[in-house]
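Reading the structure
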Amino acid sequence: MAARLTDFDADLTRYSRVYFSPHLDDAALSCGGAIAATPEQTLVVTLCTAPPPPDTIFNAVAVEFHAEWELAPDEVLRARLNEDAAAMAILSVDYAYAGWLDAIYRVPEAYSSRATLYRPPVPADPLLPQVRDLLTMLIERAPHAMMYVPLGVGHHVDHLAVFEAALACPPNRVAFYDDINYALIPGAVERRLAEIGKPLAADLVLFDRPSLQAKIAAIAAYRSQMAALFGGTTAMEAAITAYHAALAQNRGGYAERIWRIV
C-alpha cells in the first residue's frame, strides 16, 4: 500500500530505489512499469509540488497551461496532487514531495513561454542547488538506494536541472531514465545522448503485462494531462504499450530503459 512521507526524517534505510520525478506524473510516465513490478523498498520523490504564492501574477505560458488543463489557478495544485496520490496508490509505492515551485512559477520572468521552458536553467534558478542538496542527503540517508533521475530527453528545464545536479553524485549511485513522453519522439533519445558527451551504457528493466497495465492505469490517473500529452487515454495506452514492447524486443514482455555513466 502506498504511503506518503510527510518529511525526510523517516527511516530511509529500507529503500533500495529512489525515483526523482520533476513533476506530478514523470515517475509514472517514465518508470511506472519498473515501479509496479517491484514497489517494495521503492520511494518516489516529486520535486515541483508547491502552490504559487497567493499574489502571483501568472505569465503567459502559465495562463496557457491552466487553460489547457481546464483548471483554475487556485485548483491546479489540489487537482494534480489528487491525481498523483491516485497514481501512487495504483503503483503501491511510497512517495514524498519536495515542495518546490514549477519553473513557470519559480522564475516566471525567465520561463515565460513554451520555448523558454526547453533550455538549460538560467543562473538565478534555485532548482539545481536544491536538487543537488536533496540528492546528497538521500544518498547519505538511504545508503542502499540507487537514485533514478531524468536523462533530460526533450530539454525541459526542470528535467535538465535534475540531470545536471545528478552529475555531481557518485556514478555508482545514480542512473538516468528515458523521459516519457519526450522519448516517444523518434530520434529524441539519440539526440540527447549525442549532446551529453559522456559515455553512457543502457540497461533494460523488463516487466510483465500486469505491471504494464498498472503503469497505464497510473498514467491515466493524471486526467488533466491526458489531452496535452497524448491526445487522450486511448492514444496513451497504445503509445505506451508499443514503446515498451519495442524496447523489450525478443526478450518477452515489456521494458523501460535506464542509463549509467561508464
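No experiment lies behind these values; they were computed from the predicted model shown. (Residues numbered from 1 in each chain as written. Predicted model: local features only at pLDDT ≥ 70, side-chain atom pairs only at ≥ 80, totals over all residues. Heavy atoms only, no water.)

**Digging into the overall build of the protein chain**
- Along its length, the protein chain carries eleven helices and eight strands.
- Seen through its principal axes, the protein chain has C-alpha atoms that stretch 50 × 40 × 40 Å.
- Relative to its 262 residues, the protein chain shows a buried fraction of 55%.
- The long-range share in the protein chain, meaning contacts at least 24 apart out of those at least 6 apart in sequence, stands at 80%. (Helix = DSSP H or I, 4+ residues; strand = E, 2+ residues; numbered from the N terminus. Buried < 20%, exposed > 50% of the residue type's maximum accessible area, 1.4 Å probe, protein only. Contact = heavy atoms within 4.5 Å.)

**Focus: the side chain of Arg 17**
- In this fold, Arg 17 is placed in strand β2 (residues 17–21).
- Glu 40 is the oppositely charged side chain nearest to the buried, salt-bridge-free Arg 17, at an N-O distance of 5.3 Å.
- A distance of 2.7 Å separates a polar atom in the side chain of Arg 17 from the backbone oxygen of Glu 40.
- Sequence-distant contacts of Arg 17, defined by excluding residues within four places in its chain, comprise Thr 38, Glu 40, Gln 41, Thr 42, Leu 43, Ala 145, Met 146 and Tyr 148. (Lys, Arg positive; Asp, Glu negative; His and termini not counted. Salt bridge = Lys/Arg side-chain N within 4 Å of Asp/Glu carboxyl O. Polar contact = N/O pair within 3.5 Å; in protein donor to acceptor, adjacent residues only side chain to side chain.)

**Here's the deal with unusual backbone geometry**
- Each neighbour pair has its own omega, and for Ile 180 with Asn 181 the value is 20 degrees, a cis peptide bond.
- Along the chain, Asn 181 turns up in the loop between β6 (174–177) and α8 (188–196).
- Non-glycine residue Gln 41 carries a positive phi angle of around 65 degrees.
- Non-glycine residue His 155 carries a positive phi angle of around 70 degrees.
- Examined against the element boundaries, His 155 turns out to sit in the loop between β5 (146–150) and α7 (157–166).

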